[in-house]
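Here is how the chains run, residue by residue.
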Amino acid sequence: MSGLDIRQVPVLNDNYVYLIHDVQSGKTACVDPAVAGPVIDAANKLGWTISHILVTHPHYDHTDGIPEIVEAFGSVVYGNRHDFGQIPKCDHGVLDGDLIELGGTTARVMEVPGHTKNHLAYSFDAENAVFVGDTLFSLGCGRLFGGSATQMWNSLKKLRDLPTQTQVYCAHEYTNANADFALSIDPDNADLQARADEVIRLREQGRSTVPSTLEQEVRTNPFLRCDIPAFKTMLGMADREAEEVFAEIRSRKDRF
Ligand code: ZN
Ligand code: FE
C-alpha cells in the first residue's frame, strides 16, 4: 500500500504508542509516547531512529515519554501551538492544515477539539492512515474533558469525511468495553454484532483490535452515526439535531 511501516507499541494498561517509519528516507515518527523505555527498545530493535514526535494532546499518558526519547534520539517534537507550554520539549506548534514532512511523505494536521480543547489528529493522506489520539476510538470516542459536545461531534464528522478505506489508529485499547455500550444502544446492528464477536476473539488471543477502517467504524460506532435518520429514530430522537443525539449518547456512556 505505501512506503510506511507502522508499528504499534502497547504500553501501560491500555495505551498504544505508534512508530511510523518512512522506508525510503528512514525517518521515523512516534505518536503519543506515554512512556519512553519500551518505545526506545522497539525503535532500537527495528534499527529505527525516532526523528519526529507527534503529540495529539498534553495528557500524561500521551507525553510522559517525550523527554527521554528526545534525549536518546534528538527527536523534534510537534504539538498544537495552543498547547505549546504543556507539551514537554515541544519544538513546533502546529495548527489545522499544517503539513509535517516525514521523509518523502506528509502528515496533515487536523484540529479535532472535544476530548481536549486543542486536540490534534495527524493524517497521512497519501497512505490512508490517521492517528487520532483520544478523539475517535474503535466503537467509541473520547470523553469530553475540554471541549463541548458540539465541538466533538464536528471533530468526529471531520474524521468521518476522510476516505472510507482510511486506517484509524487510536491511542487506547478500549474496544471491548466500547462494544458493550454500543450494543446496549444499537442491539440490532448486524455489523456491530459481528465486530463485537471479532473483538472478543481478538482479545482472547491477546491481539489488538486497532487499527480499524473508517468504513467499519461508520457502520458500527454509534458516535459516528448521530445524523443517520434510522439511528435517531431508534433512540426516540428523530427530530433532534445530530449534536443533541451525540450529547445524549456521550452522557449515557459516561454513566454506563
Ligand atoms: Zn487523553
Ligand atoms: Fe489517553
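Right above here is the structure, for reference.
What counts, and at which threshold
- Residues numbered from 1 in each chain as written.
- Chains lettered and ligands numbered in written order.
- Predicted model: local features only at pLDDT ≥ 70, side-chain atom pairs only at ≥ 80, totals over all residues.
- Heavy atoms only, no water.
- Pairing = 2+ DSSP bridges.
- Helix = DSSP H or I, 4+ residues; strand = E, 2+ residues; numbered from the N terminus.
- Donors = N, O, S within 2.8 Å, 3.2 Å for Na, K, Ca; no water.
- Tetrahedral: all angles 85-135°; square planar, octahedral: opposite > 155°, others 65-115°.
- Buried < 20%, exposed > 50% of the residue type's maximum accessible area, 1.4 Å probe, protein only.
- Salt bridge = Lys/Arg side-chain N within 4 Å of Asp/Glu carboxyl O.
- Contact = heavy atoms within 4.5 Å.

Caption draft 1: Summary view of the sheet that holds strand 10 (residues 129–133). With mixed pairing, 6 strands are arranged side by side in an open sheet as 7-8-9-10-13-14. The open sheet is flanked by strand 7 (99–102) and strand 14 (212–213), the only strands paired with a single partner. The pairing of strand 9 (residues 120–124) with strand 10 spans 3 bridges and is classified as antiparallel. In the sheet register, Ser123 faces strand 10, and the bridge partner there is Val130.

Caption draft 2: Structural context of the coordination of the iron ion (ligand 2). Distances from the iron ion (ligand 2) to its protein donors, namely Asp61 (OD), His62 (NE2), Asp134 (OD) and His172 (NE2), fall within the range 2.0 to 2.4 Å. In this structure, the iron ion (ligand 2) is coordinated by 4 donor atoms arranged in irregular fashion, with angles at the metal of 86 to 164°. Written as a sequence motif, the donor residues of the iron ion (ligand 2) are D-H-x71-D-x37-H. In this structure, the iron ion (ligand 2) lies 3.4 Å from the zinc ion (ligand 1), and both are coordinated by Asp134. Here Asp61, found in helix 2 (residues 60–63), pairs with His172, found in the loop between strand 13 (167–170) and helix 5 (175–185); they are 111 residues apart in sequence, far enough to count as distant. In this pair, the class of Asp61 matches that of His172, namely buried.

Caption draft 3: Seen up close, the pattern of salt bridges. One pass over the structure, following the stated rule, counts 13 salt bridges. In this structure, the salt-bridge partner of Asp191 is Arg219, at a minimum N-O distance of 3.5 Å. One end of the pair, Asp191, is in helix 6 (residues 190–204); the other, Arg219, is in helix 7 (residues 214–220), with 28 residues separating them in the sequence. Under the relative-accessibility criterion, Asp191 is labelled partly exposed at 36%. When the shortest N-O distance is used, the salt bridge between Arg240 and Glu244 registers 3.2 Å. A residue is classified by how much of its surface remains accessible, and Arg240, at 37% relative accessible area, is partly exposed. Taken together, the shared-partner salt bridges in this structure form one network comprising Arg143, Arg250 and Asp254.

Caption draft 4: Structural detail: the coordination of the zinc ion (ligand 1). Bound to the zinc ion (ligand 1) are the protein donor atoms His57 (NE2), His59 (ND1), His115 (NE2) and Asp134 (OD), situated 2.1 to 2.4 Å from the metal. Around the zinc ion (ligand 1), the 4 donor atoms sit at angles spanning 90 to 173°, and that spread fits a shape best called irregular. Sequence spacing of the donors to the zinc ion (ligand 1): H-x1-H-x55-H-x18-D.

Caption draft 5: Spotlight on the side chain of Asn221. Position of Asn221 relative to the elements: it lies in the loop between helix 7 and helix 8 (229–234). Once residues lying within four places of it in the same chain are set aside, the contact partners of Asn221 are Leu136, Phe137, Ser138, Leu139 and Gly140.

Caption draft 6: Up close: the environment of Pro38. With respect to the secondary-structure elements, Pro38 resides in helix 1 (residues 37–46). With a relative accessible area of 38%, Pro38 lands in the partly exposed category. Remark: the alpha-carbon pair of Pro38 and Glu127, spanning 89 residues in sequence, is separated by 26 Å. Sequence-distant contacts of Pro38, that is, excluding residues within four places in its chain, are made with Val9 and Val11.

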